[in-house]
Amino acid sequence: MVDVKKLEYYLNNPLMKRIVELKERNFADKDQFEDAPVNYDDAIENYKRILAITDDVAKTIIEPNSESVDQEGPHLENNRMVYASKTYENLDATRKAGLWGVSMPRRFGGLNLPITVFSMLSEMVSAADSGFQNVWSLQSCIDTLYEFGTPEQQAKYIPRICQGETMSMDLTEPDAGSDLQRVMLKATQDADGTWRLNGVKRFITNGDSDIHLVLARSEEGTRDGRGLSMFIYDKRDGGVDVRHIENKLGIHGSPTCELVYKNAKAELCGDRKLGLIKYVMSLMNGARLGIAAQSVGLEQEAYDQALAYAKERAQFGKKIITFPAVYDMLSRMKAKIDASRAVLYQTARYVDIYKTLEDISRERKLTPDERKEMKKYSRLADAFTPLGKGMTSEYANQNAYDCVSVHGGSGFIMEYKAQRLLRDARIFSIYEGTTQLQVVAAVRYITNGTYLGIMREMLAEDVCDCMKPLRDRVAKLVDLYEEAVEKVKADENQDEHDFLARRMYNMTGDIILSLLLLRDATNVPEEFAKSANVFVRMAEEECVGSHAYIMNFKAEDLSNFVAE
């Protein structure tokens, strides 16, 4: 499980002062709401208290229920989804603890938490049960309704989420997975202007939720993204049946549903034709940060399980933790956790600043400095989000795999948690945008020099003496990275560019996460120095190989890889 004291380190980042200042509007709520902080230190103490409450719920209720939830799973009754029985206990506990609507303003009954803190809560819930984390963290869909809904819609729906009602985002269809431009669920208007939805949605996480955000085709005769709008469907109005619940490999506590819309009443959210172009992108970026937090939580639990087993299991007269092959795996698992947290919370801080400034811009005109600040952090968040989601979800899979390996044959036995973590982790690098799609999102920042500029800026930061040799080694990797990227650009072959994009992406992640870890190791050497040493070696191992691969690749080599 997650150590709350370790999470508190990320609350000490200098950017948190700016985040709190913006989120609290200079503490304007203190005279109206009893739980509102009066200054920065008070806000940080509030966050720590909420972390402690979540930690207690996760450890005493959600984690003990996780095995039962995995075995029972949700089921279908009369076209309705019914959660596993222990999931209802989890929902009740999180509602009583006030852990709903956490990002929403206090005037709606929310906690007004920054996304950075919400990500910490998500990590803790995921470490306890990543399937339930899906159900709980989808409350973040309300951010999109808050951002783009009318004041009437905000007043109608946001308090319900703050009281613990559930949400889903209904995007995917049988013929529209990653390619959401193909969505064909039909939205039509009655004579009185009421919108009606008809069609099928598939692979909808928590699909029988209380409030849905639905992507539907509102413009008759269109076939692309410009004909799609976003709608709000309220389960109280009826008109949607659950036709099927998927029997999945893992995350059994999270129901994945096929939904049939039959003349279901809905409300338009925001403007017509912007459903995919604007609103889904907002939803997806938030969801991707949520999957990064989910991934880090599972990474931690996989490491904890492997470490505990290695300390107890003896072979050949010695504890297996003393074997180099085992402590090599464990050290890499720990380094991946620390690197994942570094990129998760760096990304969350960037999102916090630009999103809160966007929110403020709807209340008043931003100053020129604020507009410049919002643009800067929006660009950084856009660059870091695909790195955060892709790298952490892949590491979650790797840590879960290594957890099973440390357990040996026991890891293949259903009585041990290791196998469940492996089953649960596999979806993380698939849903809310596969790793391949994260590469597509990141590659423009690779080729236009954005990431290289970030690397150079970070290399110029002061580090402690103990980290200077590692920084020098990372600097050499940056030179290799620049050479590899320039080679791909100079070749001017799109197929070659697309084929090599994943290797350039991996190099990008390896280097930036290394630099983030060097920063953490400079701040708290006793906590992060070992991981920095291990991770930089891992980065060298991959970057040197990727550089050689790219530099020796020719466009004509592609013919060797084309599947037949």
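**Student:** Mind showing me how you'd approach the side chain of Asn 13 here?
**Tutor:** With respect to the helices and strands, the residue Asn 13 is situated in the loop between helix H1 (4-8) and helix H2 (15-23). In this structure the side chain of Asn 13 is engaged in a polar contact, spanning 3.5 Å, whose partner is the side chain of Arg 349. The contact partners of Asn 13, leaving out residues within four places of it in the chain, are Gln 346 and Arg 349.

**Student:** Whenever I open this one, the side chain of Ser 209 confuses me. Can you help?
**Tutor:** By the element assignment, Ser 209 lies in the loop between strand E5 (195-205) and strand E6 (211-217). Looking at Ser 209, the relative accessible area reads 0%, which means it is buried. Among the polar contacts listed, one links the side chain of Ser 209 to the backbone oxygen of Ile 211, at a separation of 3.3 Å. Excluding residues within four positions of it along the chain, Ser 209 makes contact with Thr 166, Met 167, Ser 168 and Lys 235.

**Student:** Just to check I follow, could you spell out the environment of Ile 115 for this structure?
**Tutor:** By the secondary structure assignment, Ile 115 is in helix H5 (residues 115-128). Residue Ile 115 is classed as buried on the basis of its relative accessible area of 18%. Taking C-alpha positions, Ile 115 is 18 Å from Ala 127, a pair spaced 12 residues apart along the chain. When near neighbours in sequence (up to four residues on either side) are disregarded, Ile 115 contacts Leu 289, Ala 348, Val 351 and Asp 352.

**Student:** Can you help me understand the pattern of salt bridges in this one?
**Tutor:** Side-chain pairs of opposite charge can arise whenever the charged atoms involved come near each other. Scanning the entire structure with this criterion turns up 49 salt bridges. Arg 25 is paired through a salt bridge with Glu 363; the nearest N and O atoms lie 2.8 Å apart. A residue pair is termed long-range when its members are at least 10 positions apart, and Arg 25 in the loop between H2 and helix H3 (40-72) and Glu 363 in the loop between helix H10 (324-361) and helix H11 (368-407) qualify at 338 residues. On the basis of relative accessible area, Arg 25 is assigned to the partly exposed category, the value being 24%. Taking the shortest distance from any N to any O, the salt bridge between Asp 241 and Arg 80 comes out at 3.9 Å. Here Arg 80 lies in strand E2 (residues 80-82) and Asp 241 lies in strand E8 (residues 240-245), a separation of 161 residues in the sequence. Among the charged side chains, a network of salt bridges with common partners joins Arg 80, Asp 208, Lys 235, Asp 241 and Lys 262.

How each quantity is defined
- The written sequence of each chain sets the order in which its residues are numbered from 1.
- pLDDT decides what is reported in this predicted model: residues at 70 or higher carry local features, side-chain atom pairs at 80 or more are listed and counted, and totals for whole chains, interfaces and linings draw on all residues regardless.
- Calculation of side-chain values draws on the structure's entire complement of heavy atoms; hydrogens and water are dropped beforehand.
- Numbered from the N terminus, helices here are DSSP runs of H or I no shorter than four residues, and strands are runs of E no shorter than two.
- The term polar contact refers here to a pair of N or O atoms within 3.5 Å; inside protein, the definition further demands a hydrogen-donor-capable atom paired with an acceptor-capable atom, and it admits residues adjacent in sequence only when both atoms are side-chain atoms.
- In what follows, a contact means two residues having at least one pair of non-hydrogen atoms within 4.5 Å.
- Under the scheme applied here, a residue whose accessible area is under 20% of the maximum for its type counts as buried, over 50% as exposed, and between as partly exposed, the area being computed with a 1.4 Å probe on protein chains only.
- We define a salt bridge as a contact between a side-chain nitrogen of Lys or Arg and a carboxyl oxygen of Asp or Glu at a distance within 4 Å.

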